[in-house]
Amino acid sequence: MKIYISGKLFDKDDAKISVFDHGLLYGDGVFEGIRVYGGRVFLHQEHIDRLYESARAIRLEIPMTKSAMIEAVNSTVAANGITDGYVRLVVTRGAGSLGLDIRRTANPQVIIIADTITLYPKEIYEEGMKLVTVSTMRNHPAALSARIKSLNYLNNILAKIEGTDAGCVEALMLNHKGEVAECTGDNIFLVKRRVVWTPPIEAGILEGLTRNAVLSLAREAGYTVQELPMTRHDIYTAAECFLTGTAAEVVPVVSLDGRSIGDGKPGPVTNDLLARFQKLTRQ
Ligand code: PXG
């Protein structure tokens, strides 16, 4: 495996950055997780745009143009012979002295890892996923915007631990108002009376690119779509529920907090949107 670090490819064992990098010391940096389908980097421009927006929000200047970044991702994917897989793109603040001051750092590091991907087990797509709501609430958006895909994922990791302890592969997080926000690495949707419904960005969630693609597909397919605040009651009483994410694509959810959703099986709208999404990625 060849890893890209700031303009050069390194063998995996030689791919190293400084222990003084603020990405490590403070989680000070941004990242993207991107899929490669049939040798093509999926939603490439959109991921690069989100990366640069995250960087701008934390006042991190990425030391290369967007088009050079796209080229670096493509060449790292090619160098690793990846036709279907996963790209982790990371930009760190760079090495500095101890202390939070970004003026005492230099040389942000750009890291690109192209690898195969671990997916949710096949049974989850066939039978659906069970979810629990966890007590770790999503970061208050006034404290740290969930729109920034930062290297600081402790909020989500603490929620994921609670989900894992409860025997679930994903966990539902609420926001500071007690509304449904998102899962630890996936956005959430429900279907009720043929309306496809997902919480709005203002609920304090990551603006998932899979979420946006599925919203467009749902509109194209003629479903009514709404981005409105959602409570757990809405999920308990929905006909269908599903998650979206780069790794998950579209994954059915059949229970939340021990309550079956709809008839407890993956629903027709979920299956339709999964099929449409797979067609989009594999065309
Ligand atoms: N919410 C959160 C908190 C996420 O981290 C999503 C929603 C879905 O967004 P996308 O743009 O992927 O549809 C994410 C994405 C990883 C990994 O390796 C995490 C994500 C994506 C890819 C890889 O942990 N999270």
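What counts and what doesn't
- Residues numbered from 1 in each chain as written.
- Predicted model: local features only at pLDDT ≥ 70, side-chain atom pairs only at ≥ 80, totals over all residues.
- Heavy atoms only, no water.
- 1 Å grid on protein atoms, 1.4 Å probe; cavity = no way out; pocket = protein on both sides within 12 Å on 5 of 7 lines; lining within 4 Å.
- Points joined across faces, edges and corners; volume = space filled by probe spheres on them.
- Nonpolar A, V, L, I, M, F, W, Y, C, P; charged D, E, K, R; others polar.
- Helix = DSSP H or I, 4+ residues; strand = E, 2+ residues; numbered from the N terminus.
- Core = buried A, V, L, I, M, F, W, Y, C linked by side-chain atoms within 4.5 Å.
- Buried < 20%, exposed > 50% of the residue type's maximum accessible area, 1.4 Å probe, protein only.
- Domains from an automatic or database assignment.
- Contact = heavy atoms within 4.5 Å.
- Buried area = accessible area lost by both parts, 1.4 Å probe.
- Salt bridge = Lys/Arg side-chain N within 4 Å of Asp/Glu carboxyl O.
- Polar contact = N/O pair within 3.5 Å; in protein donor to acceptor, adjacent residues only side chain to side chain.
- Expected span 1.5 Å × (residues − 1).
- Arc of directions from axis to C-beta.

Draft legend 1. Quick peek at empty space enclosed by the protein. Across all of its chains, the model carries 2 cavities of 30 Å³ or more by this definition. If you add up the space inside the largest cavity, you get close to 70 Å³. What lines the largest cavity is simply Arg-138, Asn-139, Leu-144, Ser-145, Ala-146, Ile-148, Lys-149, Ser-150, Asn-152, Tyr-153, Asn-156 and Leu-206. Of the residues belonging to the lining of the largest cavity, the class tally is 5 nonpolar, 5 polar and 2 charged. Here the second largest cavity defines a volume of roughly 50 Å³. Along the walls of the second largest cavity sit Arg-35, Tyr-37, Phe-42, Leu-43, His-47, Leu-209, Thr-210, Gly-245, Thr-246, Glu-249 and Phe-277, which together make up its complete lining. Going through the elements one at a time, strand S3 (29-37) and helix H6 (209-220) are the ones with two or more residues in the lining of the second largest cavity. Residues that form the lining of the second largest cavity fall into these classes: 5 nonpolar, 4 polar and 2 charged.

Draft legend 2. The nonpolar core, seen in detail. Among the nonpolar cores identified, the biggest contains 26 residues, and Met-69 and Leu-89 are the most heavily contacted of them. Going through the elements one at a time, S3, helix H2 (44-57), helix H3 (66-79), strand S5 (85-92) and strand S6 (110-115) are the ones with two or more residues in this core. No other element matches the 5 residues that H3 contributes to this core. With 21 residues, the next largest nonpolar core counts Tyr-120, Met-129, Ile-188 and Leu-190 among its residues.

Draft legend 3. Expanded view of the domain arrangement of the chain. Assigned domains within the chain: domain 1 (2-115) and domain 2 (122-281). Relative to domain 2, the C-alpha centre of domain 1 lies at a distance of 27 Å. With 24 residues of domain 1 at the contact, the number on the domain 2 side is 17 residues. Buried surface at the junction of domain 1 and domain 2, both sides included, amounts to about 1600 Å², of which 63% is carbon and sulfur. For the pair domain 1 and domain 2, the number of links is 1 salt bridge. Note that Glu-249 and Arg-35 form a salt bridge whose closest N and O atoms lie 3.4 Å from each other. The tally of links between domain 1 and domain 2 comes to 10 residue pairs in polar contact (both at pLDDT 80 or more). Those elements that provide at least two residues to the side of domain 1 that touches domain 2 are helix H1 (22-26), S3, H2 and S5. Of the residues in the side of domain 1 that touches domain 2, the class split is 12 nonpolar, 7 polar and 5 charged.

Draft legend 4. Examining the environment of Tyr-236 more closely. Position of Tyr-236 among the secondary structure elements: in helix H7 (residues 232-236). C-alpha separation for the pair Tyr-236 and Ser-255, spaced 19 residues apart in sequence, amounts to 8.1 Å. Side chain to side chain, Tyr-236 and Asp-257 meet in a polar contact 2.7 Å long.

Draft legend 5. Focus on the pattern of salt bridges. In the structure shown here, the tally under the stated rule is 14 salt bridges. Arg-103 is the partner of Asp-101 in a salt bridge, and the nearest nitrogen-oxygen pair spans 2.9 Å. Overall, the relative accessible area of 25% leaves Asp-101 in the partly exposed class.

Draft legend 6. Quick peek at H3. Look at H3: 20 Å from first C-alpha to last across 14 residues, which is about the 20 Å you get at 1.5 Å a residue. Those residues of H3 that sit buried are Met-69, Ile-70, Ala-72, Val-73, Thr-76 and Val-77. Burial along H3 is one-sided: seen end-on, the buried residues are contained in an arc of 160°. Away from its buried face, by an angle of more than 90 degrees, H3 presents the exposed residues Ser-67 and Ala-78. One or two residues past the end of H3 sits Gly-81, with phi positive at roughly 60°.

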